[in-house]
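Topology and contacts: notes
So you can see what is in the structure, the chains are spelled out below.
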Amino acid sequence: PQKKMSETPVPVLIDRLTSATSPSDASDSLTGLLSHCKANNNKNKDDASSATLLITESDECLSCLTSLIGTGKLDDMEVDDGPSLSCEILLSLLSSSSKSIPKLLLSRPTEGSLLNALLDQLCSSSSPSYGRILAMEVLRRLSTLCPHLCQNQLLSAPDGMNRLVDLLLPDTVEEIRNEALLLHADLATASPACARLILFGEG
């Protein structure tokens with residue numbers, strides 16, 4: 001089934017994801033999209049551009065990925081591996097040579113929706129550690145590739161920086177806490193406003 005999904009055209013996979021009626025439909029579609037992203041990034045640049053553009057230009061698809069990362073659900077349907085697969089797709093998109101991808105992901109389907117979803121995933125103690133770690137990787141990549149917009153969205157998100165500071169608490173999973181320390185260091189170096197909030201939060 002995985003091989004067949006990876007051979008299915010990207011527009012068909014996007015349509016299957018956005019109209020999924022079962023968790024397995026959603027998971028299979030996500031797995032197929034991820035296979036396309038990985039294979040195309042490694043091999044054919046034209047195909048990579050095509051797959052990347054098709055995914056990033058579909059607000060419906062980005063909305064699904066954002067929902068899965070933030071809530072683990074499509075509509076009211078729980079998709080167990082939805083957050084981790086969605087984050088892996090985003091990491092693959094961010095490995096594309098296109099410099100417009102980071103800003104596009106931070107701006108669509110609506111401004112700041114992805115960043116808020118990443119924060120929801122990161123700060124959910126009930127979420128599996130693997131999905132939270134991948135969400136942190138996406139956030140770190142975005143803060144590196146599109147620092148100004150990412151910092152602005154963190155500062156304007158409800159309790160955005162405070163939620164990140166909370167990840168430094170001793171009861172946070174060690175790997176997530178270590179990644180959070182690295183992200184805080186990046187943000188503090190690049191943004192005086194972020195540095196002040198981190199300092200006050202830790203104090």
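About the criteria used
- Residues numbered from 1 in each chain as written.
- Predicted model: local features only at pLDDT ≥ 70, side-chain atom pairs only at ≥ 80, totals over all residues.
- Heavy atoms only, no water.
- Helix = DSSP H or I, 4+ residues; strand = E, 2+ residues; numbered from the N terminus.
- Contact = heavy atoms within 4.5 Å.
- 1 Å grid on protein atoms, 1.4 Å probe; cavity = no way out; pocket = protein on both sides within 12 Å on 5 of 7 lines; lining within 4 Å.
- Points joined across faces, edges and corners; volume = space filled by probe spheres on them.
- Nonpolar A, V, L, I, M, F, W, Y, C, P; charged D, E, K, R; others polar.
- pLDDT = per-residue confidence, 0-100.
- Expected span 1.5 Å × (residues − 1).
- Buried < 20%, exposed > 50% of the residue type's maximum accessible area, 1.4 Å probe, protein only.

Let's talk about the environment of cysteine 87
Mapped onto the elements of the fold, cysteine 87 is located in helix 6 (residues 82-94). Between the alpha carbons of cysteine 87 and isoleucine 133 there is a distance of 9.5 Å; along the sequence they are 46 residues apart. Beyond its immediate stretch of four places on either side in the chain, cysteine 87 contacts Ile69, Gly131, Leu134, Ala135 and Val138.

Section: empty space enclosed by the protein
Tallying each qualifying case throughout the model produces two cavities of 30 Å³ or more. Roughly 40 Å³ of volume is contained in the largest cavity. Taken together, Leu62, Leu65, Thr66, Leu90, Leu105, Arg108 and Leu114 make up the lining of the largest cavity. No other element matches helix 5 (residues 59-71), which puts three residues into the lining of the largest cavity. Across the lining of the largest cavity, the residue classes tally to five nonpolar, one polar and one charged.

Observations regarding the confidence of the model for the chain
On average, the chain scores 86 in pLDDT, and the residues at 70 or more come to 86%. Across the chain, the secondary-structure element scoring lowest on mean pLDDT is helix 13 (residues 192-202), at 58, and the one scoring highest is helix 5, at 97.

Description of helix 5
Think of an α-helix as 3.6 residues a turn; residues three or four steps apart then line up on the same face. For helix 5, which comprises 13 residues, the first-to-last C-alpha distance of 18 Å matches the rise-based estimate of 18 Å (1.5 Å per residue) to within 8%. Following helix 5 by one or two positions, glycine 72 has its phi on the positive side, about 75°.

Thoughts on unusual backbone geometry
Note the cis peptide between arginine 108 and proline 109, where omega equals 0°. Structurally, proline 109 can be placed in the loop between helix 7 (101-107) and helix 8 (113-122). Phi at aspartate 75 takes a positive value of approximately 55°, unusual for a residue other than glycine. Along the chain, aspartate 75 falls in the loop between strand 1 (73-74) and strand 2 (77-78). Its relative accessible area of 73% is what places aspartate 75 among the exposed residues. With phi around 55°, aspartate 159 is a residue other than glycine that occupies positive phi space. Of note, aspartate 159 is situated in the loop between helix 10 (147-156) and helix 11 (160-166). For aspartate 159, a relative accessible area of 52% gives the class exposed.

Remarks on the side chain of serine 113
Mapped onto the fold, serine 113 is located in helix 8. In this structure, serine 113 is in contact with Thr66 and Arg108, ignoring residues within four places of it in sequence.

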